[in-house]
Amino acid sequence: MTDFIHCFEPATSAGSPPLLLLHGTGGDENDLLGLGQMVSPGSALLSPRGRVLEHGMPRFFRRLAEGVFDEDDVRRRALELGDFIAEARKQYGIAAPIAVGFSNGANIAAALLLLKPDALAGAILLRAMVPLSDPPKAALGAKPVLLLSGQADPIVPASNSARLAALLSAADASVVHKVLPTGHQLSQADVTLARDWIGNVA
Ligand code: MLT
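Structural notes, computed from the coordinates.

About the criteria used
Residues numbered from 1 in each chain as written. Predicted model: local features only at pLDDT ≥ 70, side-chain atom pairs only at ≥ 80, totals over all residues. Heavy atoms only, no water. Near = heavy atom within 4 Å. Polar contact = N/O pair within 3.5 Å; in protein donor to acceptor, adjacent residues only side chain to side chain. Areas by Shrake-Rupley, 256 points an atom, 1.4 Å probe, with all protein chains shown as cover. Nonpolar A, V, L, I, M, F, W, Y, C, P; charged D, E, K, R; others polar. 1 Å grid on protein atoms, 1.4 Å probe; cavity = no way out; pocket = protein on both sides within 12 Å on 5 of 7 lines; lining within 4 Å. Points joined across faces, edges and corners; volume = space filled by probe spheres on them.

Brief notes about the site of the ligand
Part 1: Taken together, Thr-25, Arg-59, Phe-61, Arg-63, Gly-67, Phe-69, Ser-103, Asn-104, Asn-107 and Ile-155 make up the full set of residues adjacent to the ligand.
Part 2: The contact in question runs from an oxygen atom of the ligand to an N or O atom on the side chain of Thr-25, over 2.5 Å.
Part 3: Note that an oxygen atom of the ligand is positioned 3.1 Å from one of the side-chain N or O atoms of Arg-63.
Part 4: For the ligand, whose free accessible area comes to 260 Å², the fraction covered by protein is 96%.
Part 5: For the shell around the ligand, a count of residues per class yields three nonpolar, five polar and two charged.

Put into structure tokens, the structure is as follows:
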């Protein structure tokens, strides 16, 4: 299996969609398990650890500075993550997952949506930004995407998250974009909105 350290928790409720949990910079495969359980109780949880290290902190792709990405690496790593998902689906017998990504994990999920749409059934993107300056023309076929941004996020300017929402909508995703009265960190509202959204789309 493509070499991602990961954690897998099988579903405990047959009707709940599998989730792919993607942590932020400096996190690991355990970080979002609690969030996944809150957002969709009973779902299978597939949670890989990013393979890039930045001063010892795991991430999903290389960056040149905060908010400035090594886009060749974004492309390569997104496809590598897509391969991992395909292999994990076979090994664990799960359907295409809904990604739940935070920060760097949300950015790789957005890249994966644009580069390999079939890898995901949908995505919850928490504090995401545009991952590629010149993305391929993707066809997302009404795939559901929830984008939750922070109004006072020092890392993701409002114009950038609005651009991401527009980019995904132009690729035919069914995008819900909400801007919350918070910063880059997650809030209780993220959990509630994500849980309600998943209840409607799954
Ligand atoms: C990124 O590098 O993906 C973004 O700057 C978010 C972060 O990880 O801080």
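There's plenty left to go through after this.
Describing the layout of surface pockets
Part 1: Considered as a void within the structure, the largest pocket measures approximately 180 Å³ in volume.
Part 2: Lining the largest pocket we find 15 residues, and of these Thr-25, Arg-63, Ser-103, Ile-155 and His-184 sit closest to its centre.
Part 3: The class makeup of the residues in the lining of the largest pocket is four nonpolar, seven polar and four charged.

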